[in-house]
Amino acid sequence: MNTDFLRDLNPAQLSAVKAVEGPELVLAGAGSGKTKVLTYRVAYLVSIGVPVHNILCLTFTNKAASEMKTRTEKLLGMEEHGDGRRFGSWIGTFHSLFGKILRMEADKLGYTPNYSIYDEEDSLKLIKQILRERNLSEEVFAPAGIRWQISRSKNNLVLPSQLEQSAKSRLDQVTAEVYAAYEERLKKSNSMDFDDLLIKPIVLFNRDRASLEKYQNKFRFILVDEYQDTNRAQYMLLKLLAEIHRNLCVVGDDAQSIYSWRGADLQNILDFQSDYPDAKVVRLEQNYRSTGKILKAANSVIVHNQRKLDKELWTENHEGDRLSVMECESDRDEGYKIVQRIRDESIKDKLQLKDFVVLFRTNSQSRSLEEAFNRGGIPYIIVGGVAFYKRKEIKDLLAYLKLIVNPQDDASFLRIVNFPARGIGDVTIDYVRSFASKEQKPLLAIVERVDEIVEIQPRQKNQLKQFARLVNKYNKLKDELSVGELSRSLTDELGLIRSLKDENTVESQNRMENIQEFLGGIAEFQTENPEGTLQDFLAEVSLVADVDRWDTKRNSVTLMTIHAAKGLEFPVVFVSGLEEGLFPLGSKEQDELEEERRLFYVAITRAQKKVYLSYARQRFRFGKLSYQAPSRFLAEIESDLLDQEHATRLSQQRTIWETTSTFDSLRPSLEGIGTMAQEVPRPRDVEKDRTAAPHIRIGTIVEHQFFGEGKVIEMSGKGDNERVVVLFGANQKKQLMVRYANLRIVR
DNA sequence: TCAGCCGCATTTTTT
DNA sequence: ATGCGGCTGA
């Protein structure tokens, strides 16, 4: 087969691609063509005759996986088949590919292929339940903390019994106990959590030699993206699978390791050479993405870290502009300045809005930024935040589908047994639950025998039976109907759309649209996977991240966390909130600080042409105003690479702010009080202010930036939660949060 | 026994 | 925005 495509590679890239046999470590700096090496390597393997199904290529996000698939196919001159499975490659995320293997080998672990995947919310609820059953207080034994501990234990391959042995405190003991119960319950529900998708294959491979050998022989060539982010379990999996053929090629950048909080172990990449002494090491140090100054800035930051491998990026690109530092009065001012700057730049440099990204350390920072974009009338997309698949209405519908596929799924059962409302409350459910745990049966199975529970009222019994009938009906139908038909018929039968329509509020409208979008998504899945079953669909949606849904085609500014931005690039990057305590966030422990620094490195290296770094002198955090010094990271950048924007414009801008906002002027008075705005006696000058909320009452005519004039017809909530329903025009009703909506009182 | 309403707290990063 | 606890009325 033709290997002409290799001519696109530089010498280092080429040697990385062609070293096909044996272990290989590719240290690929930011923007050095990491994905290119991986895709060319897969294409090269195929072109020299390696069957596609013998190649395993692992990534962390679906987005990365699908990009790799597309690019590989292009290199090989393959048409997209449109059947979703493409050319049968094993390119995918760790979680989805091992989830697939688990489905094929489920019986060997006492599972069935239709197992459910519990997300964090499901796990947390289960843990709370276990605590409640044991009369353990949630105040003393924080469920979230226990969940975190369990997850960490799993990732480190620590069993409940081992955790118990090493327990030092009562909390440790309880954690070990809950961990054991949690595992038991998951198994009984034929369910796995995210961690299990990596742990269970290890269990399988250790227990069943034949399975291990089967996959060792199948995956003769293994490629791993973002190796610096692998955890202990992933490391073990790779070690096991590569044992025979040893054709393990890992690509990564220790400087971009930003997931240690999730169990990723930087030591994996640092130790690769000692794990595989015969490993070929290739360094990709030429950067094709950024300007010289951006790269120098990034380098000057990362040298402050101790734990790192030797490597320095260089580029032939233009030197470019200096990085600009923007000092801002407040978080609000920061948003304003960023919006102004985007407006200026997009006109001046003929850039499109989608060329800009605003990055931040924590999701909570997005609120003040969003506000600024709304005021400035600049379209934006937020990646992250409340993810689509985490929305209540979507999760409810998904729970039905999950229970239909896996009748043992207790978490889904509990979620929907009384949704839509069937008059089944906590008391009834508790009876069902205790009977189920006595009988060691799934909840849905118990419902069929509800007559045996004397305490439950006839009305409730009836409702429960009807619920079970409904689920069972669709369980039988699932093989006859397509995924799309089934979901549509189910939503109809549940009357979801109808009842939301009747509710006729802005919220219900949104929910309805979300459900429609979800159904549309199912239809899309169906087109791409004509043979796809409901089980396949669930496997897919359970493992999507929000970044995966990020649509590059829309012409809007992107707002996202730095974590979400890894692997992406943008012409202009704003890094916001560069303040001590926020970025770097949290404690001063050396390892954690180094991770924050790597995060900053990732942020800067997303940029192709221009970087803006902003910080606010004061910022609202945890309901309080706080003052923070500029981030130490700013000082770590070589000063001649920086362009300190002067505060001259600042004073002018401040006056603009004060005429349009009460919020900022209220803030100083809040300091030290530690209360929310509404509890502070209102200063007299605010009385006159046009955004002052207390003046609004039913019947007030207000003006909104986008919707124009409208009449307040409903009010609810108090203080920060105060909401109004405003009727704009003839029939456009909007529910708005007074705090955010910035309504101007007309009369 | 349940539904609905209110007020309150919550926000580090996510497959 | 969401979930939870507390309260009330049916």
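Since the model is a prediction, treat every value here as computed from it, not as a measurement. (Residues numbered from 1 in each chain as written. Chains lettered and ligands numbered in written order. Predicted model: local features only at pLDDT ≥ 70, side-chain atom pairs only at ≥ 80, totals over all residues. Heavy atoms only, no water.)

Chemist: So, the packing of aromatic side chains: which residues are in play, and what are the values?
Modeler: In the structure shown here, the tally under the stated rule is 20 aromatic pairs. Centroid distance Tyr400 to Phe467: 6.3 Å. Interplanar angle 70°. Geometry classified as edge-to-face. Here the residue Tyr400 occupies a position in helix α17 (residues 392-405), and Phe467 occupies one in helix α21 (residues 458-477), the gap between them amounting to 67 residues. Residue Tyr400 is classed as buried on the basis of its relative accessible area of 1%. Between Phe583 and Phe633 the ring centres are 5.6 Å apart and the planes differ by 85°, which places this aromatic pair in the edge-to-face class. Highlighted residues: Phe583 in the loop between β15 (570-575) and α27 (590-604) and Phe633 in helix α28 (residues 632-636), separated in sequence by 50 residues. For Phe583, a relative accessible area of 0% gives the class buried. Phe633 sits in the buried class, given a relative accessible area of 0%. (Phe/Tyr/Trp six-rings, centres within 6.5 Å; stacked < 30°, edge-to-face > 60°. Helix = DSSP H or I, 4+ residues; strand = E, 2+ residues; numbered from the N terminus. Buried < 20%, exposed > 50% of the residue type's maximum accessible area, 1.4 Å probe, protein only.)

Chemist: Break down the packing of α21 against helix α22 (residues 483-494) for me, citing the residues and quoting the values.
Modeler: Two quantities define a packed helix pair, namely the angle between the axes and the distance from one axis to the other. Two elements in contact, α21 and α22, have axes whose closest approach is 11 Å; the angle formed by their N-to-C orientations is 165°. Comparing their axes, α22 and α21 come out roughly antiparallel. Seen from above, α21 lies across α22 with right-handed handedness. Within the contact between the two elements, α21 uses Leu470, Lys473, Tyr474 and Leu477 and α22 uses Leu486, Ser489, Leu490, Glu493 and Leu494. Among the residues forming the contact of α21 with α22, the class breakdown is six nonpolar, one polar and two charged. (Axes fitted to C-alpha atoms, helices over the stretch in contact; angles between N-to-C directions. Parallel < 35°, antiparallel > 145°, perpendicular 65-115°, else oblique. Left-handed = near helix turned anticlockwise from the far one by under 90°. Contact = heavy atoms within 4.5 Å. Nonpolar A, V, L, I, M, F, W, Y, C, P; charged D, E, K, R; others polar.)

Chemist: Describe the packing of helix α6 (residues 143-155) against helix α8 (residues 170-188), and please don't skip the residues or the numbers.
Modeler: Running from amino to carboxyl end, α6 crosses α8 at an angle of 75°, the nearest separation of the two axes being 10 Å. Taken together, the axes of α6 and α8 lie roughly perpendicular to each other. For the pair α6 and α8, contact is made by Ile146, Gln149, Ile150, Ser153 and Lys154 and by Val174, Thr175, Val178, Tyr179, Tyr182, Glu183 and Leu186, respectively. Residue composition of the contact of α6 with α8, grouped by class: seven nonpolar, three polar and two charged.

Chemist: Can you lay out the environment of Val454 for me, pointing to particular residues and giving the numbers?
Modeler: Structurally, Val454 is set in the loop between α20 (443-447) and α21. Val454 sits in the exposed class, given a relative accessible area of 69%. Sequence separation between Val454 and Glu334 is 120 residues; the distance between their C-alpha atoms is 63 Å.

Chemist: Before we move on, can you summarise the sheet that holds strand β1 (residues 24-28) with the specific residues and values?
Modeler: With parallel pairing, the six strands of this open sheet are ordered in space as β3-β2-β6-β7-β1-β8. Each having just a single partner strand, β3 (90-93) and β8 (280-284) make up the two edges of the open sheet. On average, each strand axis in the sheet is tilted by 15° relative to the strand beside it, whichever way the strands run. In terms of strand pairing, strand β2 (residues 55-59) meets β3 through four bridges, oriented parallel. When the sheet's bridge partners are listed, Thr59 is paired in β3 with Thr93. The strands touched by helix α4 (residues 94-104) within the sheet are β2, β3 and β6 (221-224), with β3 carrying the most contacts at an inclination of about 115°. (Pairing = 2+ DSSP bridges.)

Chemist: Can you explain the nonpolar core? Please cite residues and give values.
Modeler: Taken as a class, soluble globular proteins show a tendency for nonpolar side chains to be buried jointly. If you look at the biggest cluster of nonpolar residues, it comprises 48 residues, and the most contacted ones within it are Phe467, Phe518 and Phe537. Per element, the largest residue contribution to this core is nine residues, and it comes from α17. Excluding anything up to four places from it in sequence, Phe467 contacts Tyr400, Leu403, Phe413, Ile416, Val417, Arg422 and Leu444. Core analysis: the second largest hydrophobic core is formed by 44 residues, Leu27, Trp90, Leu212 and Tyr227 among them. (Core = buried A, V, L, I, M, F, W, Y, C linked by side-chain atoms within 4.5 Å.)

Chemist: Quick rundown of the confidence of the model for chain A? Include the residues and the values.
Modeler: Averaged over all residues, the pLDDT of chain A is 83; the fraction at 70 or higher stands at 84%. Residue range residues 81-85 is modelled with pLDDT below 50. Its contacts to residues more than four positions away, or to other chains, number eight contacts. In the predicted structure, residues 646-694 sits below a pLDDT of 50 and forms 67 contacts with residues beyond four places in sequence or in another chain. (pLDDT = per-residue confidence, 0-100.)

Chemist: For unusual backbone geometry, give the residues involved together with the corresponding values.
Modeler: As a rule of thumb, non-glycine residues mostly have phi less than zero, and peptide bonds are mostly trans rather than cis. Cis geometry is adopted by the peptide bond preceding Pro420, which originates at Phe419 and carries an omega value of -10°. Relative to the helices and strands, Pro420 is located in the loop between α18 (410-416) and α19 (426-439). Here the bond from Phe583 into Pro584 is cis, since omega is 10°, no more than 30 degrees from zero. Its location among the elements puts Pro584 in the loop between β15 and α27. Notably, Asn135 is not glycine yet its phi reads approximately 55°, a positive angle. With phi around 50°, Glu226 is a residue other than glycine that occupies positive phi space. Its location among the elements puts Glu226 in the loop between β6 and α11 (232-242). Looking at Glu226, the relative accessible area reads 10%, which means it is buried.

Chemist: Go over the pairing of strand β16 (residues 607-621), please, and point to the residues and values.
Modeler: Extensive coverage of β16 is indicated by the burial of 11 of its 15 residues. By the bridge criterion, six bridges tie strand β11 (residues 323-330) to β16 in an arrangement that is parallel. Residue pairing for β16: Ser324 is matched across the bridge by Tyr612. The sheet contact formed by β15 and β16 spans five bridges and is parallel. In the sheet register, Val573 faces β16, and the bridge partner there is Val611.

Chemist: Talk me through the side chain of Arg619; I want residue IDs and the actual numbers.
Modeler: In this structure, Arg619 sits in strand β16. On the accessibility criterion, Arg619 (4% relative accessible area) is buried. Polar side-chain contacts of Arg619 include one of 3.0 Å to the side chain of Glu334. A polar contact of 2.7 Å, which involves the side chain of Arg619, links it to the side chain of Glu579. (Polar contact = N/O pair within 3.5 Å; in protein donor to acceptor, adjacent residues only side chain to side chain.)

Chemist: Which residues make up the pairing of strand β12 (residues 356-360), and what values do they have?
Modeler: Within β12, five of the five residues are buried, which leaves the element mostly enclosed by the surrounding structure. A two-sided burial pattern is seen for β12, the buried positions comprising Phe356, Val358 and Phe360 on one face and Val357 and Leu359 on the other. Relative to β15, β12 is paired through four bridges, and the arrangement is parallel. The partner of Leu359 across the bridge, within β15, is Val575. With four bridges connecting them, β12 and strand β14 (residues 557-561) associate as parallel partners. What sits directly across from Leu359, in β14, is Met560.

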